[in-house]
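Examining the three-dimensional arrangement
Below, each chain spelled out in residue letters.
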Amino acid sequence: MSAHAEEHEHFAGSNKLFTSIWVWLVVLTLIEIGLAYKPMSTVVMLSVLLGLSIIKAALIVAYFMHLKFERLSLILTIIPMLVVCILLLFVFFPDSFRSSDLRYRFKETPPAPAESH
Amino acid sequence: MSTEARAVHFPAADWDGGVHPYRVGHRKLGMWLFIVSDSLTFSALLIGYSYLRASNVWPTPFHFNPSILFSSLMTMCLLSSSLTMVFGVSASSRGDWQKARKWILATIFFGLAFLVLHLYEWNHLIHDGLTPFSLPAQWVTQYTAADGTLPSPLFGATFFAITGLHMFHVFTGAIYLAVVAARVKKLKHEDIEISGLYWHFVDLVWMFVFPLIYIMSVHVDH
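Residues numbered from 1 in each chain as written. Chains lettered and ligands numbered in written order. Predicted model: local features only at pLDDT ≥ 70, side-chain atom pairs only at ≥ 80, totals over all residues.

1. Notes on the overall build of chain A
Worth spelling out the cut-off: Counting from the N terminus, the helices are DSSP H or I runs at least four residues long and the strands are E runs at least two residues long. Any residue with 12 or fewer other C-beta atoms within 10 Å of its own C-beta is exposed, any with 20 or more is buried, and the rest are partly exposed; the C-beta atoms used are placed from the backbone.
When helices and strands are tallied, chain A shows four helices and zero strands. Of the regular secondary structure in chain A, the N- to C-terminal order runs α-α-α-α. A buried classification covers 15% of the 117 residues belonging to chain A.

Right, here's the structure in full:
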């Protein structure tokens, strides 16, 4: 059965809208690349990059994946559960700082001396 | 309250059967659930990578050429492929299957371009001596900490595992889209939309892989 022979499906959003979303995504990507060469602390850089990535992901999910135009019940079923599960993955993250303190350190001269900066 | 009034105030009728409560077909709902589970897979990998990075001396070896240049071009390829995909889905909703096929083929082209660039970049790193469990000798010298702690040899393991799994998704996505493009006339609009969901998801994952793996590992001369 050909679906195209039947009535046309509704697919909200114009090509102009999708193109403008693409432009935003490209601009945010260029900002990310620019940030790589700006001197800043790792924590600040990571926070800014993750912030930009979350904005980009939201734009893709909302417009390209069309979730903005779906029923609220679908959005509420998918998104909060995913966010909570991802946040739960972080529960053991503080352990990484502990293990970094426990690491064996060379007592003798290191095999290859670090370059002086 | 009468039964009729209750039906208006409470959407319970949605769950009584006979309708799609989410107003999407079961296949589309299935793809959304798959995407949720796959998001968790990638989240776990990226958080595992961050864990290793925070607890070790980590090399930051990527120079602008080729790694950052190539990964940026790859990002543009994936972003553009998402745009062509959404054009394809939009054309399919209007019943214009010829245009839909054309846009889906353009999407596959960008996907394959991504793969070629990615493999070239992988090849460059492998040529430098990076393996899943060891670093090139030059990196070990360059990134050993001041107190003599060696950089983690797991850089390669995390890099190849995460970008490799993503590359596998792009590869399977390209095959999936090729099948959809070949059968576009016979498929329902929602089936084409579902293949688009998968493709956009692959793009979405890259939006986290690119900054965390590439941008955070840029070599900066002091």
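2. As for the environment of Glu32(A)
Going by this rule: Working definition of a contact: two residues with C-beta atoms, positioned from the backbone, lying within 7 Å.
Looking at where Glu32(A) falls in the secondary structure, it is placed in helix H1 (residues 15-36). If near-sequence neighbours (up to four positions away) are discounted, Glu32(A) is found in contact with Leu49(A), Leu52(A), Pro211(B) and Ile215(B).

3. Observations concerning the confidence of the model for chain B
Heads up, the condition is: For every residue, the predictor reports its confidence as pLDDT, a number between 0 and 100.
Across chain B, the average pLDDT comes to 92, with 94% of residues at 70 or higher. Two numbers describe this predicted complex: its pTM, 0.88, and its ipTM, 0.90.

4. Here we look at the packing of helix H6 (residues 155-182) of chain B against helix H7 (residues 189-214) of chain B
All names here are of chain B. As a reminder of what qualifies: The convention used is that axes are lines fitted to C-alpha atoms, helices contributing only their stretch in contact, and that angles between N-to-C directions extend from 0 to 180 degrees. For classification purposes, angles smaller than 35 degrees are called roughly parallel, those larger than 145 roughly antiparallel, those between 65 and 115 roughly perpendicular, and all remaining angles oblique. The sense of a crossing depends on the near helix, which, turned anticlockwise from the far helix by less than a right angle, makes the crossing left-handed and, turned clockwise, makes it right-handed.
Between H6 and H7, the shortest axis-to-axis distance is 10 Å and the interhelical angle comes to 160 degrees. Relative to H7, H6 is oriented roughly antiparallel. Remark: the crossing between H6 and H7 carries left-handed chirality. Counting all contacts with H6, which are made through Phe 159, Ile 162, Thr 163, His 166, His 169, Val 170, Gly 173, Tyr 176, Leu 177 and Val 180, the residues of H7 involved are Ile 192, Ser 195, Tyr 198, Trp 199, Val 202, Val 205, Trp 206, Val 209 and Ile 213.

5. Observations concerning the interface of chain A and chain B
Operational definition: Gly is placed with the polar residues, together with every amino acid not listed as nonpolar (Ala, Val, Leu, Ile, Met, Phe, Trp, Tyr, Cys and Pro) or charged (Asp, Glu, Lys and Arg).
At the junction of the two partners, chain A supplies 51 residues and chain B supplies 54 residues. For the side of chain A that touches chain B, the elements supplying multiple residues, two or more each, are H1, helix H2 (42-64), helix H3 (72-88) and helix H4 (94-102) of chain A. Broken down by element, the side of chain A that touches chain B gets its largest block of residues, eleven residues, from H1(A). Its residues placed into classes, the side of chain A that touches chain B shows 30 nonpolar, 13 polar and eight charged.

6. A word on helix H2 (residues 26-54) of chain B
Stated formally: To estimate the expected span of a helix, subtract one from its residue number and multiply by 1.5 Å.
When the terminal C-alpha atoms of H2(B) are compared, their 42 Å separation across 29 residues agrees well with the 42 Å that a helix rising 1.5 Å per residue should span. Those residues of H2(B) lying buried are Lys28(B), Met31(B), Trp32(B), Ile35(B), Ser39(B), Phe42(B), Tyr49(B), Tyr51(B) and Arg53(B).

7. Thoughts on the nonpolar core
For the record, the criterion: The term nonpolar core means buried Ala, Val, Leu, Ile, Met, Phe, Trp, Tyr and Cys residues held together as one set by C-beta atoms within 7 Å.
Counting 69 residues, the largest nonpolar core has Ile104(B), Val184(B), Val205(B) and Val209(B) as the members making the most contacts within it. For this core, the secondary structure elements donating two or more residues are H1 and H2 of chain A together with H2, helix H3 (64-93), helix H4 (97-128), helix H5 (137-143), H6 and H7 of chain B. Of all the elements, H7(B) adds the most residues to this core, at 17 residues.

8. Concerning the confidence of the model for chain A
The predicted model of chain A has a mean per-residue pLDDT of 85, with 80% of residues at 70 or higher. Contacts from residues 1-6 of chain A, a stretch scored under 50 in pLDDT, to residues over four places away or in other chains number six contacts.

9. Brief notes about H2(A)
In this model H2(A) runs 31 Å from its N-terminal to its C-terminal C-alpha over 23 residues, within 8% of the 33 Å that 1.5 Å per residue would give. Among the residues of H2(A), Leu49(A), Ser53(A), Lys56(A), Ile60(A), Val61(A), Tyr63(A) and Phe64(A) are the ones counted as buried. Buried residues along H2(A) sit in contact with H1 of chain A together with H3 and H7 of chain B. Phi turns positive, to about 70 degrees, at His66(A), one or two residues after H2(A).

10. Here's the deal with the packing of H3(B) against H4(B)
Residue and element names in this part refer to chain B. Packing of H3 against H4 leaves a shortest axis separation of 8 Å and a crossing angle of 165 degrees. It follows that H3 is roughly antiparallel to H4 by the angle criterion. The crossing of H3 and H4 is left-handed.

11. A few points about unusual backbone geometry
Following Asn65(B), the chain continues to Pro66(B) via a peptide bond in cis, the omega torsion being 10 degrees. Despite not being glycine, His66(A) shows a phi value in the positive range, around 70 degrees. With respect to the secondary-structure elements, His66(A) resides in the loop between H2 and H3. Among the residues examined, His66(A) registers 20 C-beta atoms within 10 Å and is labelled buried. One non-glycine residue, Arg23(B), adopts positive backbone phi at about 60 degrees.

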